[in-house]
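# Structure at a glance
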Amino acid sequence: MWLVRHGLLPDRVSLNGRQSGRLRTLREALRALFGAYATGARPPADALDALNAALAAAPATPRLAWSADGPRRDDVPDTGNPAAAAFSLLAEDAADLLTGADAARLAECAAQGCARWFLRSHGARRRCTTQCGNRVRAARAYAARKGTSP
Ligand SMILES: [Zn+2]
């Protein structure tokens with residue numbers, strides 16, 4: 001599961017049908033927003049609405065914690081609704097990303113069959129993970145072998 005893989009949702013939380021539907025909607029919205037950002041277009045209104053709905057559904061409560069190391073912001077997630085809280089967190093990450101300095105590094109994976117967005121660590125990077133890079137290289141090598149052998 002995408003959210004669990006990204007550490008946003010504890011494993012013990014299982015999504016019911018409506019929540020998985022919401023997650024799908026949110027994921028599609030993020031893809032649309034990232035795509036719009038990457039192409040300099042305005043995003044579809046429903047994508048923006050979906051992100052804002054997730055932001056508002058179960059926002060974390062901001063808190064100021066103070067330890068021996070000094071003050072620290074310590075947002076407390078809404079534990080009453082873990083799935084919605086995870087969606088809110090995800091939406092907040094996306095909003096921070098799109099409005100922050102890292103937005104310029106957003107890129108869509110160029111590997112065939114992969115639809116992930118990632119942050120480029122360097123300008124030439126075009127694949128989200130080394131697995132995707134290896135997959136592309138293997139496919140290229142296979143195609144080259146097939147092309148040269150009779
Ligand atoms: Zn990929």
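Our subject is the structure listed above.
Rules used in this analysis
Residues numbered from 1 in each chain as written. Predicted model: local features only at pLDDT ≥ 70, side-chain atom pairs only at ≥ 80, totals over all residues. Heavy atoms only, no water. Helix = DSSP H or I, 4+ residues; strand = E, 2+ residues; numbered from the N terminus. Buried < 20%, exposed > 50% of the residue type's maximum accessible area, 1.4 Å probe, protein only. Contact = heavy atoms within 4.5 Å. Areas by Shrake-Rupley, 256 points an atom, 1.4 Å probe, with all protein chains shown as cover. 1 Å grid on protein atoms, 1.4 Å probe; cavity = no way out; pocket = protein on both sides within 12 Å on 5 of 7 lines; lining within 4 Å. Points joined across faces, edges and corners; volume = space filled by probe spheres on them. Nonpolar A, V, L, I, M, F, W, Y, C, P; charged D, E, K, R; others polar. Donors = N, O, S within 2.8 Å, 3.2 Å for Na, K, Ca; no water. Axes fitted to C-alpha atoms, helices over the stretch in contact; angles between N-to-C directions. Parallel < 35°, antiparallel > 145°, perpendicular 65-115°, else oblique. Left-handed = near helix turned anticlockwise from the far one by under 90°. Expected span 1.5 Å × (residues − 1). Arc of directions from axis to C-beta. Pairing = 2+ DSSP bridges. Core = buried A, V, L, I, M, F, W, Y, C linked by side-chain atoms within 4.5 Å.

### Considerations on the overall build of the protein
Along the protein, the regular secondary structure elements total 5 helices and 4 strands. Reading the protein from its N end, one meets helices and strands in the order α-α-α-β-β-α-β-β-α. Looking at the protein as a whole, 29% of its 150 residues are labelled buried. Considering only residue pairs separated by 6 or more positions, the protein has 41% of its internal contacts joining residues 24 or more positions apart. As presented, the protein carries roughly 9900 Å² of accessible surface, and 53% of it is formed by carbon and sulfur atoms.

### As for empty space enclosed by the protein
Using the criterion set out here, one finds 1 cavity of 30 Å³ or more in the structure. Its volume calculated, the largest cavity comes out at about 40 Å³. Split by residue class, the lining of the largest cavity holds 6 nonpolar, 1 polar and 2 charged.

### Focus on the coordination of the zinc ion
Protein ligation of the zinc ion involves Cys109 (SG), Cys114 (SG), Cys128 (SG) and Cys132 (SG), the donor distances falling in the range 2.3 Å. Mapped onto the sequence, the donors of the zinc ion take the spacing C-x4-C-x13-C-x3-C. Taken together, the residues span a long stretch of sequence, with Cys109 in the loop between β3 (106–108) and β4 (117–119) and Cys128 in the loop between β4 and α5 (130–148) at a distance of 19 residues. In this pair, the class of Cys109 matches that of Cys128, namely buried.

### Overview of the packing of helix α3 (residues 45–57) against helix α4 (residues 82–99)
It is the contact of α3 with α4, at a shortest axis distance of 7 Å, that shows an interaxial angle of 125°. By the angle class used here, α3 and α4 are oblique. Read as a crossing pair, α3 and α4 show a hand that is left-handed. Within the contact between the two elements, α3 uses Leu51, Ala54, Leu55 and Ala57 and α4 uses Ala84, Phe87, Ser88, Ala91, Glu92, Ala94 and Ala95. A class-by-class count of the residues in the contact of α3 with α4 yields 9 nonpolar, 1 polar and 1 charged.

### Focus on α3
With 13 residues, α3 extends 18 Å between its outermost C-alpha atoms, agreeing within 8% with the 18 Å of an ideal straight helix rising 1.5 Å per residue. All buried positions along α3 are accounted for by Ala47, Ala50, Leu51 and Ala54. Buried residues in α3, looked at end-on, bunch into an arc of 95°, giving them a common side. Among the exposed residues of α3, those oriented more than 90 degrees off its buried face are Ala45, Asp46, Asp49 and Ala56. Buried residues in α3 make contact with α2 (17–39) and α4.

### Digging into the pairing of strand β1 (residues 64–67)
Relative to strand β2 (residues 70–73), β1 runs antiparallel, the two sharing 4 bridges. Considered in β2, the bridge of Ser67 is made with Gly70. What sits between β1 and β2 in their antiparallel hairpin is a turn of 2 residues.

### Points about the nonpolar core
If you look at soluble globular proteins, the nonpolar side chains tend to sit buried side by side. Counting 18 residues, the largest nonpolar core has Leu26, Leu30, Phe34, Leu51 and Leu106 as the members making the most contacts within it. Taken together, the elements giving at least two residues each to this core come down to α2, α3 and α4. Residues contacting Leu106, with those up to four places away along its chain left out, are Phe34, Leu97, Leu98, Trp117, Phe118, Leu119 and Arg120. With 8 residues, the next largest nonpolar core counts Cys114, Phe118, Cys128 and Val136 among its residues.

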